[in-house]
Amino acid sequence: MSYKVLVSDPLAEEGVDILRGFCEVDVKTGLDEDEIIKIIGEYDGLLVRSGTQVTAKVIEAADKLKFIGRAGAGVDNIDLDAATKRGIIVANAPAGNTLAACEHTLAMMMSLSRNIPQATASVKKGEWKRSAFMGVELNEKVLGIVGFGRIGQELAKRANALEMKVVAYDPYINVERAKELGVEVKTLEELIPVANFITVHTPLIKETRHMINSDSISKMKDGVRIINCARGGIINEDDLYDAIVAGKVAGAALDVYEEEPPHSSKIVTLDQVITTPHLGASTVEAQQNVAVSVAKQCIEVLKGGSAKFVVNAPMVPPDQQDRIEPYARLAQKMGKLLIQLVEGRIESVEIEYGGKAADLGRGSKYVTRLALKGILDPILQTPVNIVNAEFAAKERGIKVSETITKESEGFANLVTIKITTDKMAESVSGNVSSPEKIRIVKIGEYMTDMTPGGDVIISRHHDVPGVIGRFATITGQHNINIAGMQVGRNKPGEEAIMVLNVDSAVPQEAMDEILKIEGVFTAKYAHI
Ligand SMILES: NC(=O)c1ccc[n+]([C@@H]2O[C@H](COP(=O)([O-])OP(=O)(O)OC[C@H]3O[C@@H](n4cnc5c(N)ncnc54)[C@H](O)[C@@H]3O)[C@@H](O)[C@H]2O)c1
Ligand SMILES: O=C(O)[C@H](O)COP(=O)(O)O
């Protein structure tokens, strides 16, 4: 199979070369939305930085697209919902530019405190205005870090070395980690009035949009300096402009803007504001890191595997992958079997993880999505995968629930999937006996022992002589070879279940004849 990948923002050659060793690559930068829409249908992969807006319209036109790679951290230029809906894997390179962005923040803070860009411009104009550029020291000043993730933490280490006092606000912070770094954790309300420098390092999301605004600025120290090397929009630019003009804020250092490029932004015109054109990640080292990371992830996905830093599907930690994989395989097969056993509109899917399967941790989310893939893929037009499985279920009003239990009916581990429709309910239980051996051990109330795969006929019938013989006759007449048979029953003479493994597909006429056998209540053919 030959694949084509579009690189629509400048990407380090090291990454492009890796891709070229695997597939055809077109590097076309500076395209607008309409231009991308025209060509995106040809491509299996799309690699971007922050320059390309991967909108819902772009994704709608991307008939073959399987992977969108963001060579960097922020994915706010990608419509994740639209990609998820279409089952397109979106992955980023979250740590590749952390140090670059951290060092840029530090450079901005130092430049801001000593007016370096303004003084440089002045000297270049032939001036010698030493008193116009009086600075402030960082030593012993309070640095308030809002958003204490990768970049925030690296910055704290460096600010400590400058003998600044570091305080941080992050609602999801690891307090122990902060303590280890000598950082005092505060609420935003506590941080705002004590900091001499405030720097933001959060993603731009609903909760962080304009989190720095006229109200919060009014509670800051007079003469505070503000830095944004994260995302435009975290700070309200108009409010910051007014506060600088009013003399409340001494200055600001901005690498990112509400609109990029910030052509119509008045804030960049102020002398107290120093600016760079979104250069946080622009180091040779960072660009190599992120380009190589997304190129490798793109290749993995196009080969049918999974990406390391998927942002729109649950991630399985690398050290857990071997453990989770057989459960994922089992759940998908069980889902595929179950959907062929039920009739009616699906109302709910319940998945129970029992015994050792209860310890899958976050891996259970991954396994559940594969069960949903098994259930929904055969019945939906749009391909269902690990990315859009949950979304596809939700869109159809299917309630999905997971239960964890220590109970496992004597098995070391037991996964049970139950589908309830508007007509019936059916369940299947499976077990991982070894990484290679997965089994279906129960269908409804009946015990069985079946390796899931291939063609099967599953019947519920009256446990009386002659019924099974008639099955064999009919399959024989249709030239269908029986490879294996298992019968389960609770009591002799009552209802029994039979799983018949056959070597080829079973035509509808054969199933119609089987259904007419006296004593057969239900019979279904399934390919798993
Ligand atoms: N200027 C650049 O070129 C450049 C380069 C790299 C990253 N970035 C941007 O920097 C930002 C941080 O990147 P990172 O790699 O450190 O990300 P990260 O995910 O490691 O850290 C983000 C932190 O923000 C915290 N957070 C989330 N919501 C919050 C809220 N409401 N209030 C306070 N904190 C909140 C999270 O808990 C997390 O700890 C992102 O916006 C990223 O896009 C910019
Ligand atoms: O989120 C990021 O990684 C940065 O904003 C870098 O953006 P860039 O790749 O366009 O430089």
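Since the model is a prediction, treat every value here as computed from it, not as a measurement. Each chain carries its own residue numbering, running from 1 in the direction its sequence is written. Both sets of labels track the order of writing: A upward for chains, 1 upward for ligands. With pLDDT at 70 or above as the cut-off, local features in this predicted model cover only qualifying residues; side-chain atom pairs require 80 or more to be listed or tallied, and sums for whole chains, interfaces and linings still use all residues.

**Overview of the site of ligand 2**
Part 1 of the reasoning: The C-beta atom of each residue is placed using the backbone, and any residue whose C-beta lies within 6 Å of a molecule or strand is treated as near it. In the vicinity of ligand 2, the contacting residues are Arg 49, Ser 50, Gly 51, Ala 71, Gly 72, Ala 73, Gly 74, Asn 97, His 278, Gly 280, Ala 281 and Ser 282.
Part 2 of the reasoning: Here the shell around ligand 2 is built from residues that sort into three nonpolar, eight polar and one charged. For this scheme, ten residues count as nonpolar: Ala, Val, Leu, Ile, Met, Phe, Trp, Tyr, Cys and Pro. Four count as charged, namely Asp, Glu, Lys and Arg, and the remainder, Gly too, count as polar.

**With respect to the site of ligand 1**
Part 1 of the reasoning: Near ligand 1 lie 31 residues; those nearest to it are Gly 74, Gly 147, Gly 149, Ile 151 and Gly 280.
Part 2 of the reasoning: Helix and strand assignments follow DSSP, with helices taken as H or I runs no shorter than four residues and strands as E runs no shorter than two, numbered in order from the N terminus. Elements represented by at least two residues in the shell around ligand 1 include exactly helix 5 (98–114) and helix 7 (150–161).
Part 3 of the reasoning: In terms of residue count, helix 7 provides more of the shell around ligand 1 than any other element does, three residues in total.
Part 4 of the reasoning: Taken together, the residues that form the shell around ligand 1 break down as 15 nonpolar, 11 polar and five charged.
Part 5 of the reasoning: Throughout, the edges of the domains are those of an automatic or database domain assignment. If you count residues domain by domain, the shell around ligand 1 takes at least three from each of domain 1 (4–96 + 285–302) and domain 2 (98–275).

**Points about the sheet that holds strand 19 (residues 455–462)**
Part 1 of the reasoning: Two strands pair if DSSP finds at least two bridges between them. Read from one edge of the open sheet, four strands run 20-21-19-22, paired in antiparallel fashion. On the outer flanks of this sheet lie strand 20 (482–489) and strand 22 (520–527), each paired with one strand and no other. Shown here is a sheet whose adjacent strand axes are inclined to one another by a mean of 15 degrees, direction ignored.
Part 2 of the reasoning: Both strand 19 and strand 21 (residues 495–502) contribute to a ladder of eight bridges, which runs antiparallel. By the bridge assignment for strand 21, His 461 is matched with Ala 496. Helix axes are fitted only over the stretch in contact, all axes being lines through C-alpha atoms; the angle between N-to-C directions runs from 0 to 180 degrees.

**Comments concerning the sheet that holds strand 8 (residues 184–185)**
Strand pairing in a sheet relies on backbone hydrogen bonds, with the paired strands running either antiparallel or parallel.
Part 1 of the reasoning: The seven strands are arranged 8-7-6-9-10-11-12 in an open sheet whose pairing can be described as parallel. Strand pairing shows two members of the sheet lacking a second neighbour, strand 8 and strand 12 (273–275), which therefore form its edges.
Part 2 of the reasoning: The contact criterion used here is simple: two residues whose C-beta atoms, placed from the backbone, lie within 7 Å are in contact. On the sheet, helix 11 (residues 237–245) packs against strand 10 (224–228), strand 11 (249–254) and strand 12 and is oriented at approximately 140 degrees with respect to strand 11.

**Structural notes on the nonpolar core**
Part 1 of the reasoning: Note on definitions: a nonpolar core is a set of buried residues drawn from Ala, Val, Leu, Ile, Met, Phe, Trp, Tyr and Cys, linked by C-beta atoms within 7 Å. In this scheme every C-beta is placed from the backbone, and a residue whose C-beta has 20 or more other C-beta atoms within 10 Å is buried, one with 12 or fewer is exposed, and one in between is partly exposed. Ranked by internal contacts, the top residues of the largest apolar core, which has 149 residues, are Cys 298, Ala 331 and Ile 417.
Part 2 of the reasoning: With nine residues, helix 12 (residues 284–302) is the single largest residue contributor to this core.
Part 3 of the reasoning: Aside from chain neighbours lying at most four places away, what touches Ala 331 is Val 367, Leu 370, Ala 371, Gly 374, Val 415 and Ile 417.

**What to know about the environment of Ile 482**
Part 1 of the reasoning: Looking at the secondary structure, you find Ile 482 in strand 20.
Part 2 of the reasoning: As a C-alpha pair, Ile 482 and Val 456 span 26 residues in sequence and 9.3 Å in three-dimensional space.
Part 3 of the reasoning: The contact partners of Ile 482, leaving out residues within four places of it in the chain, are Ala 472, Thr 475, Leu 500 and Val 502.

**Things to note about the packing of helix 16 (residues 467–477) against helix 17 (residues 508–515)**
Part 1 of the reasoning: Look at helix 16 against helix 17: their axes get within 10 Å of each other, and the N-to-C directions meet at 160 degrees. By the angle class used here, helix 16 and helix 17 are roughly antiparallel. Considering how the two elements wind past one another, helix 16 and helix 17 form a crossing that is right-handed. Across the interface between the two elements, Phe 471, Ile 474 and Thr 475 of helix 16 pack against Ala 510, Glu 513 and Ile 514 of helix 17.
Part 2 of the reasoning: Here the contact of helix 16 with helix 17 is built from residues that sort into four nonpolar, one polar and one charged. Note on terminology: angles under 35 degrees are roughly parallel, angles over 145 are roughly antiparallel, angles of 65 to 115 are roughly perpendicular, and the others are oblique. Two helices crossing with the near one rotated counterclockwise from the far one by less than a right angle form a left-handed crossing, whereas a clockwise rotation gives a right-handed crossing.

**Focus: the environment of Lys 186**
Part 1 of the reasoning: Position of Lys 186 relative to the elements: it lies in the loop between strand 8 and helix 9 (188–191).
Part 2 of the reasoning: A residue is classified by how many C-beta atoms lie within 10 Å of it, and Lys 186, with 17 of them, is partly exposed.
Part 3 of the reasoning: Sequence spacing of Lys 186 and Pro 171 is 15 residues, and the spatial spacing of their C-alpha atoms is 9.3 Å.
Part 4 of the reasoning: Residue contacts for Lys 186: discarding those within four places in its chain leaves Val 167, Tyr 169 and Leu 191.

**A word on the domain arrangement of the protein chain**
Part 1 of the reasoning: Segmentation of the protein chain into domains returns domain 1 (4–96 + 285–302), domain 2 (98–275) and domain 3 (318–527).
Part 2 of the reasoning: Just the C-alpha atoms count here: the centres of domain 1 and domain 2 sit 31 Å apart.
Part 3 of the reasoning: Every contact between the two is made by five residues of domain 1 and, on the other side, six residues of domain 2.

**What to know about the pairing of strand 3 (residues 45–48)**
Part 1 of the reasoning: With burial as the criterion, each face of strand 3 is covered, one bearing Gly 45 and Leu 47 and the other bearing Leu 46 and Val 48.
Part 2 of the reasoning: For strand 1 (residues 4–7) and strand 3, the ladder comprises three bridges, and the chain directions are parallel. In the strand pairing of strand 3, Val 7 is matched with Leu 47.
Part 3 of the reasoning: In this sheet, strand 4 (residues 67–70) lies alongside strand 3 in parallel orientation, the contact comprising four bridges. Residue pairing in the sheet places Leu 47 in a bridge with Gly 69 of strand 4.

**Some points on helix 12**
Each turn of an α-helix holds 3.6 residues, which means side chains three or four residues apart point in the same direction.
Part 1 of the reasoning: Multiplying 1.5 Å by the residue count of a helix minus one yields the expected span of that helix. The terminal C-alpha atoms of helix 12 lie 27 Å apart, and with 19 residues this matches the ideal 27 Å at 1.5 Å per residue to within 8%.
Part 2 of the reasoning: One or two steps after helix 12, the chain reaches Gly 304, where phi turns positive at roughly 100 degrees.

**A closer look at unusual backbone geometry**
Most peptide bonds take the trans form, and the phi angle of most residues other than glycine is negative.
Part 1 of the reasoning: With an omega dihedral of -10 degrees, the bond running from Glu 260 to Pro 261 counts as a cis peptide bond.
Part 2 of the reasoning: Tracing the backbone shows Pro 261 in the loop between strand 11 and strand 12.
Part 3 of the reasoning: Positive phi values are uncommon outside glycine, yet His 210 reaches one of about 55 degrees.
Part 4 of the reasoning: For His 210, a count of 17 C-beta atoms within 10 Å corresponds to the partly exposed category.
Part 5 of the reasoning: Positive phi, normally seen in glycine, also occurs at His 278, with a value near 50 degrees.

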